[in-house]
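Chain by chain, the residues run as shown.
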Amino acid sequence: MKLKQFAAIALAMMIPTYSALAEYPDKPISYIIPFGPGGESDITARHQQPFFKEKFGQDVVISYKPGGGGAVGWAQLNSIKGDGYTIMGTNLPHIIVKPLQKDVGFKTDDITNVYMFHYTPDALVVTKDSPFKTLQDLIDYAKENPGKLTLSGSGKGTANHLAQIRFDGMAGVKSTYVSFKGTGKAVAAVLGDQVKASWGYTSVGAKHSEQVRLLAVAMEARHPKFPDVPTFKELGFDLVSGAYRGIAVPKSTPEAVRVKLSQMIGEINADPEFRKRMENDGMALLDVDYAGMGAFMEEMKAVYGKAAREAGIIK
Amino acid sequence: MPGIEHLLEALTPLNIMLALAGVIAGTVIGSLPGLTATMAVAVLVPITFTMAPASALILMGAIYTGAIYGGAYAAILLNTPGTPSAIATTFDGFPMAKRGDGDLAVTLACLASVAGGLVGAVFLLILAPPLASVALAFGPVEYFWLAVFGLTLISALSEGNLLKGLIGACFGLLLSCVGIAEISADVRFNFGSQTLLGGIETVTALIGLYCVPVLIDLVATPDKHLKVTHEPRGFRLREALRISWKGKFNLARSSVIGTLVGILPGAGGSIAGLVAYSEARRSSNRTEHFGHGEPEGVQATESANNATVGGGFIPTLVLGIPGTPPDAVILGALLIQGVRTGPNLFADEGSIVYTFIYGLFLATILMLPAGLVIGRYAYKTIVTVPKAMLVPTVAFMTMIGTFAIRNNVSDVVIMIVLGVIGWVLNRFGFSPSPIVLGLILGSIAEQGFVQAWTIGAATDDLAAMFFGRPISLAIIALILLALFYPLVRARWLGRRRKVNAD
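The rules behind each value
Numbers given for residues are sequential positions, taken from 1 along each chain in its written order. Each chain is given a letter, starting from A, and each ligand a number, starting from 1, according to the order in which they appear as written. Totals for whole chains, interfaces and linings use every residue, but because this is a predicted model, local features are given only for residues with pLDDT of at least 70 and side-chain atom pairs only at 80 or more, for both listing and counting. An axis is simply a line fitted to the C-alpha atoms; with a helix, the fit covers only the stretch in contact. Between two such axes, the angle follows the N-to-C directions and lies from 0 to 180 degrees. The helix and strand labels rest on DSSP assignments: H or I over at least four residues marks a helix, E over at least two residues marks a strand, and numbering proceeds from the N terminus. Oblique is the label for every angle not falling under 35 degrees (roughly parallel), over 145 degrees (roughly antiparallel), or within 65 to 115 degrees (roughly perpendicular). In this scheme the crossing of two helices becomes right-handed for a clockwise turn of the near helix relative to the far one and left-handed for an anticlockwise turn of less than a right angle. Domain start and stop points were drawn from an automatic or database domain assignment. Contact between two residues is assigned when their C-beta atoms, built from the backbone, lie within 7 Å. Three residue categories are used. Nonpolar comprises Ala, Val, Leu, Ile, Met, Phe, Trp, Tyr, Cys and Pro, charged comprises Asp, Glu, Lys and Arg, and polar comprises the others, including Gly. Here the expected span of a helix is defined as 1.5 Å times the quantity of residues minus one. Note on burial: count the other C-beta atoms lying within 10 Å of the residue's C-beta; 20 or more is buried, 12 or fewer is exposed, in between is partly exposed, and C-beta positions come from the backbone. The arc in question is traced by the directions running from the helix axis to the C-beta atoms.

Engineer: An account of the packing of helix α2 (residues 13-31) of chain B against helix α4 (residues 53-78) of chain B is needed here, citing residue identities and associated values.
Structural biologist: All names here are of chain B. α4 packs onto α2 with a crossing angle of 30° between their chain directions and a minimal axis gap of 6 Å. The angle between the axes of α2 and α4 places the two elements in the roughly parallel class. The interaxial crossing formed by α2 with α4 has right-handed handedness.

Now the structure itself:
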């Protein structure tokens, strides 16, 4: 009797969940970017935007909650109502490195990522007329002039900065990292010969194709847009890294909605037109769904935690 | 090359409509404190996906231009810069409004904005590729010196009480340190609070420090907000045109300064306005009237900040590096449309670029009638609405505006706290401008200094880094001139008087 009652109640509780899910999404979804407009997090979200409407019939409304390099937005994520109608962009290594540095109002594990949909691979960028023709030229210069190789990059404790530290360790060189506010200014610094090279992204190569060359990209295999640029792996450095972007939901979001959302983002990622647009901008697509997120995040936490400790960014 | 066909393409009925709608919407948005040009453009992005790239650019450029001009209304009529670009407009605009010349100030601002916008667009049309190299020639150390140059303006702004001005500026510099440091990622001065992690947003501080004290005073004093003379005077266009013609050299110089500063990524409209104001003040023979309602001050700022629109598009289109924050949003929208900016854009996609530039001319010219009419309406509203309505309405708008900057309630709290601090400081003779200058220039100076030091130390050449580069030396010379010119001039005048007396 008790069991029956329990079953009835359980069933009654499940019905609204399932009926809600059956229709999800039945109204517009709010997609919060924890950075300002115009950055790469914004642009990739804008690429996804029309495909939500096309495939699932609902609009996605993008809004911005910038501050503290994303920290302000992520610290507020779990206080938002978890009904699947508010989602937020997340970025690696930010959500791993920031909470390790100081109390920024959230912990890495507080963030419920449902999908990692792409990464922008790190790349070493030089100007078209730079004397560094190959990665080896740059390494040779750094070996002969310890510390004199100046490299611009976007921010400290970011993908660019951690790539610089990891690469210095792998190649046995010492370079000087100069942090700029945003990729645009880091690129301007290398174009204006303020620094010798830049730790940037493949997207820099795509956006400034007339002015820059890439010496190597931090990918498993060559990027389709840059078939002539070798990977670090080919050249003997085990460096696969970049700025990873995903989508997270508030902790209170029901399991079923998380799974559904993960499927939806996966479907967009599989769309050939979407892939073409992303790759044309220099991005690399990635498919880490909700089921695989735990293992992926553990691996990333280990890699970035180690690099950040070596960099002295965290104690 | 720019050709007549691009001009005709820009003049389709659709584009004319977009330019007019954009300018009107931009002016209204810009006039509301807190709603900035960046935000106005960002809201539009999804709408532009379905348009042709040139039309999308025209719409966004028009909104941007309008918003920069609209920022002058709140600056003149409420002593609150509607956008950061209009900070220096408050210095003389509000005193003009106080003495009953608000309508004239608004009309002058409109004429100056149109002039500045046109000059910026001319440079964009003719000299974009060579001028883009200016953006690259400016390294970290030049930004550092430029920010220091901006800080010298404090001495001019706090005439009679330099000490209080310097204390205010130091307070502003400290405020600029709050939160996660932009380039070292250290957390500073947040006193354990999550709210302060994101730092103090410029616009939040602008609204708090400028607008809240005005609102408190409005409630605390029985007099009318602005002095009103009763005979209706229309636009006072004839008078404004005469003053503008007299100030043509000022307008030209300020517009060129605005264009050049606009080209520098990371400087922007607020610095353009401040530099132009400071130069106008220095070279004017009415220096002592500046800050007390001198029309030249309004003209300098308003022409310079609108010239940054054209100037900012130069690195954006030629290099793919956004010149100003709204340009970053526009660049993103272009990327999504599949338009690749870069040195070859002008050659390969001339139809887009030149159609857009002509569209920008069109929008700027349309700003003249649209701006005059909206400005007249804004002035009438502010002077005729009773205080009991005006104060709550403006207070409400400031809350909405502050919230909208980062969609964050804590910014509203910061704004109110700063407002109360600003009001108390005002009573003790501290004006808000040095504080705001410190806040804006502090982070630019800090970033430039740290980057220059890092590079200089790596290459073992710190002295040459800071004092050995030609552009740096030129800026240092300007700093010295700004600091010592008043002394030298006073002495020179004194000597001449003596000679005359003998």
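Engineer: So what's going on with the domain arrangement of chain A? Which residues, and what values?
Structural biologist: By a frequent convention, interface size equals the accessible area lost on bringing the separate parts together. Residues and elements named next belong to chain A. In terms of domain boundaries, chain A breaks down into domain 1 (2-119 + 243-311) and domain 2 (121-217). Averaged C-alpha coordinates put domain 1 and domain 2 at centres separated by 30 Å. In this complex, domain 1 contributes 17 residues to the contact, which on the side of domain 2 involves 15 residues. Considering each element in turn, the side of domain 1 that touches domain 2 owes the most residues, five residues, to helix α11 (residues 293-311). Broken down by class, the residue content of the side of domain 1 that touches domain 2 amounts to ten nonpolar, four polar and three charged.

Engineer: Any details on helix α7 (residues 162-177) of chain B? Residues and values, ideally.
Structural biologist: Residues and elements named next belong to chain B. Taking 1.5 Å of rise per residue, 16 residues should cover 22 Å, and α7 covers 23 Å from first to last C-alpha, within 8% of that figure. Every buried residue of α7 is listed here: Gly-165, Gly-168, Ala-169, Gly-172, Leu-173, Leu-175 and Ser-176. All buried residues of α7 lie within an arc of 155° about the axis, which places them on one face of the element. The inward-facing, buried residues of α7 abut α6 (140-157), α8 (202-220) and α18 (432-458). Trailing α7 by a residue or two, Gly-179 shows a phi angle of about 100°, which is positive.

Engineer: Report on the packing of helix α3 (residues 37-48) of chain B against helix α13 (residues 325-337) of chain B, specifying residues and quantitative values.
Structural biologist: Residue and element names in this part refer to chain B. Look at α3 against α13: their axes get within 8 Å of each other, and the N-to-C directions meet at 10°. Viewed along their axes, α3 and α13 adopt a mutual orientation that is roughly parallel. Between α3, through Ala-37, Thr-38, Val-41, Ala-42, Val-45 and Thr-48, and α13, the contact on the second element is made entirely by Pro-325, Pro-326, Val-329, Ile-330 and Ala-333. When the residues that make up the contact of α3 with α13 are grouped by side-chain class, the tally is nine nonpolar, two polar and no charged.

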